[in-house]
Amino acid sequence: MHGELQDKCGVVGIHCEDTSKDVSHFVYFCLYALQHRGQESAGIATYNPDSGLNYYCGMGLITDVFRDYEINNLVGNMGIGHVRYSTTGQSKLENSQPFVTDFDDGFIAMAHNGDIVNSASLRDELIEEGYEFKSNTDSEVICYMLKQEHHDHGKNIIDSIEAVSKRLVGSYALTILVNGKLYAVRDPAGMKPLCIGEKDGSYIVASETVALDVINAKFIRDVEAGEVVYFENNEINSHILEITKHTHLAHCMFEYVYFARPDSTIDGINVYETRLNIGKQLYEQFPIDADVVIPVPDSSIPAAIGYSRVSGIPYGEGLIKNRYVGRTFIMPTQEERELAVRLKLNPIKDAIKGKKIILIDDSIVRGTTSKSLIELVKEAEPAEIHFLVGCPPVIAPCYYGVAMATKKELIAANYTVEEIREQLDIDSLGYISLESLVKAIGMPADDLCLGCLNECYPTDLPDDIEAETYYKP
């Protein structure tokens, strides 16, 4: 449910052959379209053959970060950008991205979406070899590993990425600027989304297709799992990482359920259509007699529309969202988090009072926000509350870049559906089944990462891994 899950980041990269052009404004607008993927910090790095590297990062929304900074200062015909929500690494300026460090006689700048589950051991190895860390992000680990392969072993960038990929365990979508060249990399399992577009001879890579839409760029294709993309002579060049041959696809199912904007298309699947299908599948499982179908805005709206269409039960807005309220999960006390639900949502009492309502939400994680939500709805005096959830019970943590509670905090890991229904004190509670979710997405289950739902993780995990490492409230 909103407020309980956050994806790690959104990344952008733009390459233009014309050195007289500046791409920073386009990077800015692309990041603006990806703001939903991270609201803690934002940054842009650009390259110009005359002035070299230019970059600026700051805390907050992209509009806050660049409010007092003239974006025209970021000159360059190539650039990368990043919006961040921390899963590994605390929320502080040193951990904002793009991460920049020296490389040869120039620099390397990197923006990263994902999580490297073995980053702690890799970091320790680098420290032993004399590397000094400025931040505690795994993005810095990847940068130093690339430097190590290039400087110590004399490998070119592609071969360095190839070597590093064999040691990384986890998820990553990367945009990298190295001395005036742009590279984009997607992990061998394709966990994190990345796509390519083109506009007026410039190439764009971004986490979601909405970033292309906002600058009126033409979508070309998704970056393949395990693919390194770079640009020379106005052409897209491709290298498939060797490890990809031995890696199964594991696209994150939460991109379709919650994270991605509904107007995005990821790996050929439209997110809005998927969420409509989730609503239809919920009706197949739970054909409830009710007066109105109400979504928990905003991410559950398409699912509620889907349920309404197939059931014939009217769709209604029963909850109004205040879109000017920040994230609630950072509030220190449970009382404050519950109050924040009231700041974010307010019921339309006349739309609810005396009616049998079907309330549809995208997911339940800890359950605390759901309890506050149900209490809010009850104040509007519905005759019945039937709560349907467009994601199966979340029973395990995510280690690949989704900030999620530890297992002891996951309500579905500790209580049955009936026990949760009793805690919420509602007439019925229904979760979409795993099979129905897979059907709604329209992708084979073997091609999805479902680890938080069935504990079948797509990679090996370190024996001493702690979920707390990945959940930074």
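Bear in mind that the values here come from a model prediction, so they are computed numbers and not experimental data.

### Some details on the pairing of strand β2 (residues 9-15)
- Of all seven residues that make up β2, seven are buried, and the element is covered over most of its length.
- Here β2 shows no split at all, with Cys9, Val11, Gly13 and His15 on one side and Gly10, Val12 and Ile14 on the other all buried.
- For β2 and strand β5 (residues 78-84), the ladder comprises seven bridges, and the chain directions are antiparallel. Bridge pairing links isoleucine 14 to glycine 79 in β5.
- Pairing between β2 and strand β11 (residues 202-206): four bridges, direction antiparallel. Across the sheet, isoleucine 14 pairs through a bridge with isoleucine 204, a residue of β11.

### What to know about the packing of helix α3 (residues 119-128) against helix α4 (residues 138-153)
- For the pair α3 and α4, the least separation of the axes is 10 Å and the interaxial angle reads 45°. In terms of their interaxial angle, α3 and α4 are classed as oblique. Pair α3 / α4 crosses with left-handed handedness. Contacts between α3 and α4 pair Ser119, Leu122, Arg123 and Leu126 from the former with Asp138, Val141, Tyr144, Met145 and Gln148 from the latter.

### Observations regarding helix α8 (residues 271-285)
- Counted at 1.5 Å a residue, the expected span for α8 with its 15 residues is 21 Å, and the 21 Å between its end C-alpha atoms agrees.
- Of the residues flanking the start of α8, the one acting as N-cap is asparagine 270, its side-chain oxygen 3.1 Å from the backbone nitrogen of tyrosine 272.

### Describing the packing of aromatic side chains
- According to the stated counting rule, one finds 17 aromatic pairs in the structure shown.
- A centroid spacing of 5.8 Å and a plane angle of 35° characterise the contact between tyrosine 183 and tyrosine 230, whose relative ring orientation is tilted. Here tyrosine 183, found in strand β9 (residues 181-186), pairs with tyrosine 230, found in strand β13 (residues 227-232); they are 47 residues apart in sequence, far enough to count as distant.
- Residue classification places tyrosine 183 among the buried residues on the basis of a relative accessible area of 7%.
- Measuring from ring centre to ring centre gives 5.4 Å for tyrosine 283 and tyrosine 307, while their planes differ by 85°; the resulting arrangement is edge-to-face. Of the two residues, tyrosine 283 sits in helix α8 while tyrosine 307 sits in helix α9 (residues 301-311), which places them 24 residues apart along the sequence.
- Through a chain of ring-to-ring contacts, three or more aromatic side chains come together here, namely Tyr28, Phe29, Tyr32, Tyr56, Phe66 and Tyr69.
- The cationic tip of arginine 123 hangs over the ring face of phenylalanine 133; the distance from NZ or CZ to the ring centre is 4.2 Å.

### With respect to unusual backbone geometry
- Of note, the bond from glutamine 97 into proline 98 is cis; its omega dihedral lies within 30 degrees of zero at 10°.
- Here proline 98 is to be found in the loop between β5 and β6 (99-103).
- Cis geometry marks the peptide bond from proline 297 to aspartate 298; its omega dihedral reads 5°.
- One can find aspartate 298 in the loop between β18 (292-295) and α9.

### Points about the pattern of salt bridges
- If you walk through the whole model with that rule in mind, you get 19 salt bridges.
- A salt bridge links lysine 321 to aspartate 298; its shortest N-O distance comes to 3.8 Å. With a gap of 23 residues between them, lysine 321 in strand β19 (residues 319-321) and aspartate 298 in the loop between β18 and α9 connect regions that are remote in the sequence.
- With relative accessibility at 28%, the residue aspartate 298 sits in the partly exposed group.
- With a shortest N-O distance of 2.9 Å, lysine 407 and glutamate 455 are connected by a salt bridge. Linking lysine 407 in the loop between β23 (402-403) and α13 (411-414) with glutamate 455 in the segment after α16 (451-454), this pair joins segments that are 48 residues apart in sequence.
- For glutamate 455, a relative accessible area of 40% puts it in the partly exposed group.
- Here the residues in one salt-bridge network are Arg37, Glu208 and Glu255, joined through shared partners.

### A few points about the sheet that holds strand β24 (residues 428-431)
- Strand order in this open sheet of four strands is β18-β21-β22-β24, and the pairing throughout is parallel. Bordering the open sheet on either side are β18 and β24, each of which pairs with just one other strand. Along the sheet, successive strands turn relative to each other by an average axial angle of 20°, direction set aside.
- Pairing of strand β22 (residues 384-389) with β24, which is carried by four bridges, proceeds in the parallel orientation.

### Quick notes on the nonpolar core
- Of all hydrophobic cores here, the largest spans 47 residues; its most connected members are Met253, Phe254, Tyr307, Ile358 and Ile360.
- Elements represented by at least two residues in this core include exactly α7 (254-259), α8, α9, β21 (356-361), α15 (434-441), β25 (448-449) and α16.
- In terms of residue count, the dominant contributor to this core is α7 (five residues).
- Excluding residues that lie within four positions of it along the chain, isoleucine 360 makes contacts with Leu282, Val293, Ile294, Pro295, Val296, Ser300, Ala303, Ala304, Tyr307 and Leu388.

Reading the values: rules and limits
Residues numbered from 1 in each chain as written. Predicted model: local features only at pLDDT ≥ 70, side-chain atom pairs only at ≥ 80, totals over all residues. Heavy atoms only, no water. Buried < 20%, exposed > 50% of the residue type's maximum accessible area, 1.4 Å probe, protein only. Helix = DSSP H or I, 4+ residues; strand = E, 2+ residues; numbered from the N terminus. Pairing = 2+ DSSP bridges. Axes fitted to C-alpha atoms, helices over the stretch in contact; angles between N-to-C directions. Parallel < 35°, antiparallel > 145°, perpendicular 65-115°, else oblique. Left-handed = near helix turned anticlockwise from the far one by under 90°. Contact = heavy atoms within 4.5 Å. Expected span 1.5 Å × (residues − 1). Polar contact = N/O pair within 3.5 Å; in protein donor to acceptor, adjacent residues only side chain to side chain. Phe/Tyr/Trp six-rings, centres within 6.5 Å; stacked < 30°, edge-to-face > 60°. Lys NZ or Arg CZ within 6 Å of the ring centre and 35° of its normal. Salt bridge = Lys/Arg side-chain N within 4 Å of Asp/Glu carboxyl O. Core = buried A, V, L, I, M, F, W, Y, C linked by side-chain atoms within 4.5 Å.

Purely spatial values, then, with no claim about function.
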